[in-house]
Amino acid sequence: MLQFLRSDNMTDQGPLDQMDTEEFEHGSEISLPGVTKGDFSKRRVAPHINVHSVQFCPTGQSWCAATTEGLLIFSLDNTLTFDPIDLDTDVTPQTMRAALKAESYLKGLVIALRLNTSELVVEVMEQVPQDQIHYVVGALPIHHVTALLKFLVELLATSKHLHFYIIWVNTILTTHGPALKKNSSQIMSTLNGIISALTSQTRTLGSLCDSNQYSMDVILTLGKTRSFRNESTAEMEVF
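Now for a quick tour of the structure. Keep in mind it's a predicted model, so treat the numbers as computed, not measured. (Residues numbered from 1 in each chain as written. Predicted model: local features only at pLDDT ≥ 70, side-chain atom pairs only at ≥ 80, totals over all residues. Heavy atoms only, no water.)

1. Observations concerning helix H6 (residues 142-158)
Part 1 of the argument: Taking 1.5 Å per residue as the helical rise, H6 with its 17 residues ought to reach 24 Å, and the 25 Å between its terminal C-alpha atoms agrees with that figure.
Part 2 of the argument: Residues of H6 that are buried include every one of His 144, Val 145, Leu 148, Leu 149, Phe 151, Leu 152, Leu 155 and Leu 156, and no others. (Helix = DSSP H or I, 4+ residues; strand = E, 2+ residues; numbered from the N terminus. Expected span 1.5 Å × (residues − 1). Buried < 20%, exposed > 50% of the residue type's maximum accessible area, 1.4 Å probe, protein only.)

Pasting the structure below:
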């Protein structure tokens, strides 16, 4: 009785020994009276998120939404990464073109790859002199190399500068071959795309070259026949 009535243990809420202070000491709120499990006094309200724009990838593999919580990207590709730290105020098309004007081809290519725009990547690549491709590719970081290969898949299939882009692919595979081999499982779809594009171009150009060869054979044969007729006519006139 004396222990119960000790003034040292008395508080405004009652005796200290009869108070459940375990949850309070761990930073949780005190449960409501009569609650034996959990804390029904807590209220959880889901935050409101506004969506300003939704865009879908043409391949149907991913889509993104611009929301009040930031840019959200959803993709079926597990290797897709979005690194906004790699972007800053200096990564703009203007700085890319300024680097090209100063003949800083590596810097211009890196900026174009960070912007992830096909038109800018093509603009940079087609301004790199052929004798500088080896140096640019050799200094390019490996994560930018894999991104560049993805652009080359499309360029090999659609561009008229086929030989120029084949030089790029050959230089990349020769220079970064060992590093790419270690991550071959992650870029296998890209490598298959390159093989498919080159195979398609080989068939198209092969049939075109065969057709041109047959046409040239016909033209040469007609030329020889006409020349022979002219010689025969000249001999007859002499006699």
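Text resumes after the structure shown.
2. Comments concerning the environment of Ile 73
Part 1 of the argument: With respect to the secondary-structure elements, Ile 73 resides in strand S5 (residues 70-75).
Part 2 of the argument: Under the relative-accessibility criterion, Ile 73 is labelled partly exposed at 38%.
Part 3 of the argument: Sequence spacing of Ile 73 and Trp 63 is 10 residues, and the spatial spacing of their C-alpha atoms is 6.0 Å.

3. Examining the pattern of salt bridges
Part 1 of the argument: Overall, the coordinates contain one salt bridge when judged by the stated rule.
Part 2 of the argument: One salt bridge in this structure joins Arg 97 and Glu 123, with 3.0 Å as the shortest N-O distance. In this pair, Arg 97 sits in helix H2 (residues 93-101) while Glu 123 sits in helix H4 (residues 118-125), placing the two residues 26 residues apart along the sequence.
Part 3 of the argument: The class for Glu 123 is partly exposed, based on a relative accessible area of 23%. (Salt bridge = Lys/Arg side-chain N within 4 Å of Asp/Glu carboxyl O.)

4. A few points about the nonpolar core
Part 1 of the argument: Judged by nonpolar contacts, the single largest core of 37 residues is most densely connected at Leu 109, Met 125, Leu 148, Leu 152, Tyr 165 and Trp 168.
Part 2 of the argument: Of all the secondary structure elements, the ones that give two or more residues to this core are H2, helix H3 (105-115), H4, helix H5 (133-139), H6, helix H7 (162-175) and helix H9 (188-238).
Part 3 of the argument: With sequence-adjacent residues up to four places away left out, Trp 168 is seen in contact with Leu 109, Met 125, Val 128, Ile 133, Val 136, Val 137, Leu 148 and Leu 152. (Core = buried A, V, L, I, M, F, W, Y, C linked by side-chain atoms within 4.5 Å. Contact = heavy atoms within 4.5 Å.)

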